[in-house]
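# Coordinate analysis (summary)
These are the residues of each chain, in order.
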Amino acid sequence: MRRADCVAFLRHLLPRLGLCWAGYRRVHRTVCKRLARRLRELGLADPAGYARRLDEDPGERERLEAMLRIPISRFWRDASVWEWLGEIGLPGLAQAARASGRNRLSAWSCGCAAGEEPYGLALLWHRRLAPRFPGTALDILATDADPVLLARAREARYAPSSLRALPADLRRGFLEEEGRPRLPPAIRAAVRFRRQDVRAAMPEGPFDLLLCRNLVFTYFAQDLRCEMAARFRRRLRVGGLMVLGAKERLPDRVEGFVPVTAGLPVYRRRS
Ligand SMILES: C[S@@+](CC[C@H](N)C(=O)[O-])C[C@H]1O[C@@H](n2cnc3c(N)ncnc32)[C@H](O)[C@@H]1O
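Position numbers for residues count from 1 along each chain, tracking the sequence in the order it is written. Only residues with pLDDT of at least 70 are given local features in this predicted model, and only at 80 or more are side-chain atom pairs given and counted; all residues enter the totals for whole chains, interfaces and linings.

### A short note on the overall build of the protein chain
This is how it is decided: Going along the chain from the N terminus, every DSSP run of H or I of four or more residues is numbered as a helix, and every run of E of two or more is numbered as a strand. Atoms considered for the radius of gyration are the C-alpha atoms alone. The globule rule reads 2.2 Å times the number of residues to the power 0.38. To sort residues by exposure, count the other C-beta atoms lying within 10 Å of each residue's C-beta; 20 or more gives buried, 12 or fewer gives exposed, and values between give partly exposed, all with C-beta atoms placed from the backbone. Residue pairs qualify as contacts under a 7 Å threshold applied to their C-beta atoms, which are placed from the backbone.
When helices and strands are tallied, the protein chain shows 12 helices and nine strands. In terms of overall dimensions, the protein chain is globule-like: its C-alpha atoms have a radius of gyration of 20 Å, near the 18 Å expected for 271 residues. Along the first, second and third principal axes, the C-alpha set of the protein chain runs to 60 × 50 × 30 Å. Counting all 271 residues of the protein chain, 33% fall into the buried class. Contacts in the protein chain between residues at least 24 apart in sequence constitute 74% of all its contacts with a sequence separation of at least 6.

### Overview of the packing of helix H6 (residues 79-99) against helix H7 (residues 116-129)
Defined as follows: To define axes, lines are fitted to C-alpha atoms, for helices over the stretch in contact only, and angles between the resulting N-to-C directions are given on a 0 to 180 degree scale. Roughly parallel here means an angle under 35 degrees, roughly antiparallel means over 145, roughly perpendicular means 65 to 115, and every remaining angle is called oblique. Whether a crossing is left-handed or right-handed is set by the direction in which the near helix is turned from the far one by less than a right angle, anticlockwise for left-handed and clockwise for right-handed.
Their axes nearest at 11 Å, the elements H6 and H7 cross at an angle of 70°. With respect to each other, H6 and H7 are oriented roughly perpendicular. Considering only the axes of H6 and H7, their crossing is right-handed. Of H7, the residues touching H6 (which contributes Trp82, Leu85, Gly86, Leu90, Pro91 and Ala94) are Gly120, Leu124, Trp125, Arg128 and Leu129.

### What to know about H6
Definition in use: To estimate the expected span of a helix, count its residues, drop one, and scale the result by 1.5 Å. Throughout, bend refers to the angle between the axes fitted to the seven residues that end at a position and the seven residues that start at it.
For H6, built from 21 residues, the straight-helix expectation of 30 Å at 1.5 Å per residue is met to within 8% by its first-to-last C-alpha distance of 29 Å. Where H6 bends most, at leucine 85, the angle is about 55°. Along H6, the residues that are buried comprise Val81, Trp82, Leu85, Gly89, Leu90, Leu93, Ala94 and Ala97. Count one or two residues on from H6 and you reach glycine 101, which has phi positive near 80°.

### Some points on the site of the ligand
This is how it is decided: In this analysis a residue is considered near a molecule or strand if the C-beta atom, reconstructed from its backbone, is found within 6 Å of that molecule or strand. Following the grouping adopted for this structure description, the nonpolar residues are Ala, Val, Leu, Ile, Met, Phe, Trp, Tyr, Cys and Pro, the charged ones are Asp, Glu, Lys and Arg, and the polar ones are all others, Gly among them.
Of all residues adjacent to the ligand, which total 21 residues, the nearest are Ser73, Gly111, Ala113, Ala145 and Arg213. Residue composition of the shell around the ligand, grouped by class: eight nonpolar, four polar and nine charged.

### Side note on the environment of valine 258
Checked against the element boundaries, valine 258 lands in strand E8 (residues 257-259). On the basis of neighbour counts, which here come to 10 C-beta atoms within 10 Å, the residue valine 258 falls in the exposed class. Sequence-distant contacts of valine 258, that is, excluding residues within four places in its chain, are made with Tyr267, Arg268 and Arg270.

### Overview of the domain arrangement of the protein chain
Operational definition: Here the bounds of each domain stem from an automatic or database domain assignment.
By domain assignment, the protein chain separates into domain 1 (3-67) and domain 2 (79-269). Summarising the inter-unit geometry, the C-alpha centres of domain 1 and domain 2 are found 30 Å apart. For the side of domain 1 that touches domain 2, a count of residues per class yields five nonpolar, two polar and no charged.

The following block contains the structure:
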């Protein structure tokens, strides 16, 4: 399949799936390689034949969804957001919880890939913040649509390159097993993983913190972003924080959130 044919196919297909070409532009080569391989497996010459196959075979739609998932992640991705969370965001949430008589904070990592994001949060809490807030616990729920990534997340073994951006005190939270960094049982137990397609279902909450980075506000179409943001809002406590990816912003027409600080993609539920 020629690259131009793949691009034309994606531009036609993505909006029909509630996704957007602008989000996929940067990663389309990866998706095109996967599609080309699938066309070869099926003995199809061009995307038109594949489009017919999609109409005829509901199982193929699931395969396509998997080919469209981008699994890229790493620990401490967008360091400035993590530093802000550690110094201001999480302490503020813990103090607010305490002031209202709660001894548990609740966080949701939506689109958690192989666990780098929720485990990064668990490390930050347990190694830096828990000693400052004894008696307060942080529950972390992590969801993703991809069963292979979730199985890797539960294993919690990582390539050393994935830890490169982590500050040294948090990197010391890993064990060395068979030459590879692995998280210890206490950190593994701090995160619950669940397979969930965010378009079909969401955990109920309420959450104090929602990490939704490099998924909805990059790959989803505008209308779906707005619909998702409204549903996220209902799952956040008033005063709770929603963190997006470094290059992501909430659409203007989304209501009920205020940006917390200029230059960071962090929003607080205002009402
Ligand atoms: C680019 S990764 C982002 C990982 C992490 N949040 C980060 O920013 O480093 C996007 C993740 O979203 C997951 N994903 C894609 N579509 C999804 C959907 N509809 N529902 C839930 N997860 C989805 C993918 O499997 C992938 O793990």
